[in-house]
Amino acid sequence: MISKGITFILIATFAFAIMNTLVKDLDNLPPMQVVFFRALGTFILVFPYMLFKRISVVGNNPKILFLRALVGVISLSTFFIALQRIPLGPAISIRYLGPIFGAVLAYFYLKEKINGLQWLSFAIAFSGVIVLKGFDIRIDLLSFILVLISALFVGMVFPLVRYLGTREHFLTIINYFMVVAIITSLFFAKNWTMPLKQNWLSVISIGVLGLIGQVFMTRAFQTEETSVLAPFKYMELVYALIIGFLFFGETYHWIPFSGIILIIIGMILNVYAKKNKKVNIVK
């Protein structure tokens, strides 16, 4: 029988995959306008609930909350820009390097150890990125750099969330993220355009789906061990490959596709390596 945690993460990854599809489909809107609608939709749903439940809006660590929000907004914005330029599969695959950047940052700044198997997993994942970029001509240099920046800032999010996790309500963290995203995106308002009539359902849905993904992802990691859930996180890529093929006609030559597979293998190996490291520490 599938556990609650696995069920939650499957729902979360599906919600994120559909949200990313809608973002890509909204390529007639400037990316920062899409960021605004993504954040506004979630804010409208979260903020009144926080007031009703008397959940702290300011939080106990406003500076760290703001930093986490800003880092997340940069990651989301660069990802949305790239997502409108390149196929779903490569964009999501390269962004999966986020945990690697997070581990390396933790190694240098938090003095967390990285074992040999983890370094090997990093090398495999990065080799996949090189293969993907080198053989998929649809990935231009600017988009590639944008996705790498997105992954880097995703990596920065992990230690910040780890710090805030036991100190702040998860909705406080989410709400900060949405408020900063709304304010940041407004600086680009002069380039915005009015969404077409057929766009409004997508515009509304990205905020709702983003919230569903965040809530179910949080609930998943609250009810199940990370080592169990992590491989299922990559279902988002499976969904993206299927959706990309069905709705955008995205296909892959076997060489760039092997790059995607290498990234997945590297990231799953990293999860296994971290699990082994914890076991050895206990022993």
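Structure: see above.
We now turn to the structure provided with this report. (Residues numbered from 1 in each chain as written. Predicted model: local features only at pLDDT ≥ 70, side-chain atom pairs only at ≥ 80, totals over all residues. Heavy atoms only, no water.)

A few points about the overall build of the chain
Next, step 1: A count of helical and extended segments in the chain gives 12 helices and zero strands.
Next, step 2: Walking the chain from its N terminus toward its C terminus, one meets helices and strands in the order α-α-α-α-α-α-α-α-α-α-α-α.
Next, step 3: By the compact-globule yardstick of 19 Å for 283 residues, the chain fits well, its C-alpha radius of gyration being 19 Å.
Next, step 4: With respect to the principal axes defined by its C-alpha atoms, the chain has extents near 55 × 45 × 40 Å.
Next, step 5: Of the contacts formed within the chain by residues at least 6 apart in sequence, a portion of 89% connects residues at least 24 apart.
Next, step 6: Roughly 14,200 Å² of accessible area belongs to the chain as shown, and the carbon and sulfur atoms make up 72% of that amount. (Helix = DSSP H or I, 4+ residues; strand = E, 2+ residues; numbered from the N terminus. Rg over C-alpha atoms; globule rule 2.2 N^0.38 Å. Contact = heavy atoms within 4.5 Å. Areas by Shrake-Rupley, 256 points an atom, 1.4 Å probe, with all protein chains shown as cover.)

Section: the environment of proline 87
Next, step 1: Position of proline 87 among the secondary structure elements: in the loop between α3 (62–83) and α4 (88–95).
Next, step 2: Residue classification places proline 87 among the buried residues on the basis of a relative accessible area of 6%.
Next, step 3: Measuring from C-alpha to C-alpha, the distance between proline 87 and methionine 32 comes to 19 Å, with 55 residues separating the pair along the chain.
Next, step 4: Residues in contact with proline 87, not counting those within four places in the same chain, are Lys24, Arg138, Glu250 and Tyr252. (Buried < 20%, exposed > 50% of the residue type's maximum accessible area, 1.4 Å probe, protein only.)

Regarding helix α7 (residues 141–164)
Next, step 1: For α7, with 24 residues, the first-to-last C-alpha span of 35 Å sits near the 34 Å given by 1.5 Å per residue.
Next, step 2: Within α7, burial applies to Ser143, Phe144, Leu146, Val147, Ser150, Ala151, Phe153, Val154, Gly155, Val157, Leu160 and Leu164.
Next, step 3: Capping the start of α7 is the job of one residue whose side-chain oxygen sits 3.3 Å from the backbone nitrogen of leucine 142: aspartate 140. (Expected span 1.5 Å × (residues − 1). Polar contact = N/O pair within 3.5 Å; in protein donor to acceptor, adjacent residues only side chain to side chain.)

Some words on the packing of aromatic side chains
Next, step 1: What the rule picks out here adds up to 10 aromatic pairs.
Next, step 2: Ring geometry for phenylalanine 37 against tryptophan 200: centres 6.0 Å apart, planes inclined by 75 degrees, an arrangement best described as edge-to-face. With phenylalanine 37 in helix α2 (residues 31–53) and tryptophan 200 in helix α9 (residues 200–223), this residue pair connects regions lying 163 residues apart in the sequence.
Next, step 3: Judged by relative accessible area, phenylalanine 37 falls into the buried class, the value being 13%.
Next, step 4: Classification of tryptophan 200 as partly exposed rests on a relative accessible area of 36%.
Next, step 5: When the ring centre of phenylalanine 144 is taken as origin, the NZ or CZ atom of lysine 133, which lies over that ring, is 5.9 Å away.
Next, step 6: The ring of tyrosine 252 is capped by arginine 138, whose NZ or CZ atom sits 4.9 Å from the centre of that ring. (Phe/Tyr/Trp six-rings, centres within 6.5 Å; stacked < 30°, edge-to-face > 60°. Lys NZ or Arg CZ within 6 Å of the ring centre and 35° of its normal.)

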